[in-house]
Amino acid sequence: MGSTTMTRNPSGQRFLTCAAAAALLLIASWPSMTTTAGRYVSNLNVNCMRCLCYASTLCNATVGCSRGYCGPYYLYRDYWKEAGQLVLPDDDPDRDQAFVDCASNMECAQKVVENYMVKWGKDCNKDGVTDCDDYARIHFNGREDCSAIENTNFGRRYETCRPVNNRGKFN
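Residues numbered from 1 in each chain as written. Predicted model: local features only at pLDDT ≥ 70, side-chain atom pairs only at ≥ 80, totals over all residues. Heavy atoms only, no water.

Operational definition: UniProt positions are given in the numbering used here, feature names are shortened, and annotations may be inferred rather than shown by experiment.
Taking an unreviewed UniProt entry as the reference, the protein is identified by name as lysozyme belonging to Aphis gossypii. Recorded in UniProt for the protein, the comment headed Catalytic activity (unreviewed entry) runs: "Hydrolysis of (1->4)-beta-linkages between N-acetylmuramic acid and N-acetyl-D-glucosamine residues in a peptidoglycan and between N-acetyl-D-glucosamine residues in chitodextrins."

**Topic: the packing of aromatic side chains**
We apply this condition: Centres within 6.5 Å make a pair out of two Phe, Tyr or Trp rings, where for Trp the six-membered ring is used; the pair is then stacked when the planes are under 30 degrees apart, edge-to-face when over 60, and tilted otherwise. Whether a residue is buried, partly exposed or exposed follows from its accessible area with a 1.4 Å probe, protein chains only, as a fraction of its type maximum: under 20%, in between, or over 50%, in that order. A run of DSSP states H or I qualifies as a helix once it reaches four residues; a run of E qualifies as a strand once it reaches two. Both are numbered from the N-terminal end.
Per the stated rule, a full pass over the model turns up six aromatic pairs. Ring geometry for Tyr69 against Tyr76: centres 5.5 Å apart, planes inclined by 65°, an arrangement best described as edge-to-face. For Tyr76, a relative accessible area of 21% translates into the label partly exposed. Ring geometry for Tyr79 against Tyr116: centres 3.7 Å apart, planes inclined by 5°, an arrangement best described as stacked. Residue Tyr79 is located in helix α3 (residues 77-82), and its partner Tyr116 is located in helix α5 (residues 106-120); the two are separated by 37 residues in the primary sequence. Like Tyr79, the residue Tyr116 is buried in the burial classification. Aromatic ring contacts, followed pair by pair, group Tyr69, Tyr74, Tyr76, Tyr79 and Tyr116 into a single cluster.

What follows is the structure in structure tokens.
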């Protein structure tokens, strides 16, 4: 960073000026798109991903597996397969535990969700835009089912964290 954005306090420590900090905050909060395999997924940003994780398991990275669902995004094997069978580095997707290991790893699981939304994302609630509300329905119900989620634990948790630009009633 240049001297215009950094300054030193009396003890010699460098810190961002208020203007530089505000600019970084603006950049960090700017709506973004996830890029997966060269495809853009509008509105699938960091805030949405964080909320999907929270709604799934309170983003518990140590949740393990229960009834075939694994990891912080509570993924199931068919979801993982439809997303391209992503694996940890140097792993083999045909290895029996590859799914569990990927689903239990925050970074790998997030890439699975991103790939799934690239492939299956759509305007579930017919409001004219594909956004986190749609991704939440697809994540929870699967690609074939855009049913409402509000009467589920997932839906109640999602409502508490859904991205600001999605505020309003479920359609």
